Amino acid sequence: MAPDPDAALMLAFQGGDEAAFRALFEKYGRAMMAFCQRFVKEPARAEELAQDVFLKLYRSADRYNPSARFSTFLYRIATNHCLNEVRRGEYRLRPDRDPVGDEADPRDPDSLAGSAATPEEEARGRALERSVRSLLERLPDKQRAAFVLARFEGMPYEEIADVLATTVPSVKSLVHRATVAAAEALAHWSPSAAEGEP
């Protein structure tokens, strides 16, 4: 396996190099906020969760073992933190609609509604965002985590298995079931559906 430069930074931080931690934060900060927002709707709360993840990373640096990729270690912390957050009762009681209405939040790093789009495209993008978020909320916890890591983060199954402390066949099963659910939930967004084909 090729050397992991992020692991080298983490080891430098273990040795007291604060600049190495800042470099990791600068590299992964935006990605962590996007990841957290797959679990909670509000960008402000996602930002808080991302900051919590880095605080936990800071405090658990001495537990990092360079035999694991740094990204595996970071996403294990992030996944556990986000799943603990969404298991709180308040998230189970929220409606499917975003509390701020139909407008896409400009702080959302993955917003599908772009400033260069037409009003119709922006409205369609916001509706698709709501459909995707609603789908993610309905998935069981482990399916949701595996699906987000595979489809949004592009993580290989072997690494997802390490993050979730499970086996590769289990990850494949989780991602497959989530993908089937996504295909059913988002079928009306397919080009054939948009054109009115059966």
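What you see is a predicted model; the values in this text were computed from it and never measured.

How each quantity is defined
Residues numbered from 1 in each chain as written. Predicted model: local features only at pLDDT ≥ 70, side-chain atom pairs only at ≥ 80, totals over all residues. Heavy atoms only, no water. Disulfide = S-S within 2.5 Å. Phe/Tyr/Trp six-rings, centres within 6.5 Å; stacked < 30°, edge-to-face > 60°. Helix = DSSP H or I, 4+ residues; strand = E, 2+ residues; numbered from the N terminus. Buried < 20%, exposed > 50% of the residue type's maximum accessible area, 1.4 Å probe, protein only. Contact = heavy atoms within 4.5 Å. 1 Å grid on protein atoms, 1.4 Å probe; cavity = no way out; pocket = protein on both sides within 12 Å on 5 of 7 lines; lining within 4 Å. Points joined across faces, edges and corners; volume = space filled by probe spheres on them. Axes fitted to C-alpha atoms, helices over the stretch in contact; angles between N-to-C directions. Parallel < 35°, antiparallel > 145°, perpendicular 65-115°, else oblique. Left-handed = near helix turned anticlockwise from the far one by under 90°.

Further remarks concern the state of the cysteines. The final tally for this structure, using the stated rule, is zero disulfides. Considering cysteine sulfurs only, Cys 82 is the nearest to Cys 36, which forms no disulfide, with 3.6 Å between them.

One pass over the full model with this rule turns up eleven aromatic pairs. Geometrically, the ring pair formed by Phe 25 and Phe 54 is edge-to-face, given 4.8 Å between the ring centres and 70 degrees between the ring planes. You can see Phe 25 sitting in helix α2 (residues 18-36) and its partner Phe 54 sitting in helix α3 (residues 43-59), a full 29 residues away along the chain. With relative accessibility at 39%, the residue Phe 25 sits in the partly exposed group.

What follows concerns the side chain of Gln 143. Within the secondary structure layout, Gln 143 lies in helix α7 (residues 141-152). Setting aside its immediate chain neighbours within four residues, Gln 143 contacts Leu 174, Arg 177 and Ala 178.

Following the criterion strictly, the structure yields one cavity of 30 Å³ or more and no others. The computed volume of the largest cavity comes to approximately 50 Å³. Taken together, Gln 37, Arg 38, Phe 39, Val 40, Lys 41, Arg 133, Leu 136, Glu 137 and Arg 144 make up the lining of the largest cavity. Top element by residues in the lining of the largest cavity is helix α6 (residues 119-138). It accounts for three residues.

In contact at an axis separation of 10 Å, α3 and helix α4 (residues 70-86) are set at 130 degrees when each is read in the N-to-C sense. Classified by the angle their axes make, α3 and α4 are oblique. Crossing hand, α3 versus α4: right-handed. Listed contacts from α4 to Arg 45, Leu 49, Asp 52, Val 53, Lys 56 and Leu 57 of α3 are Phe 70, Phe 73, Leu 74, Ile 77, Ala 78, His 81 and Glu 85.

Take the environment of Phe 70 next. Of note, Phe 70 is situated in helix α4. Separated by 60 residues in sequence, Phe 70 and Met 10 have C-alpha atoms that sit 7.4 Å apart. Dropping the residues within four chain positions of it, Phe 70 is found in contact with Asp 4, Asp 6, Ala 7, Met 10, Leu 24, Tyr 28, Leu 57 and Tyr 64.

In short, the description is geometric, and any link to function would need to be established separately.
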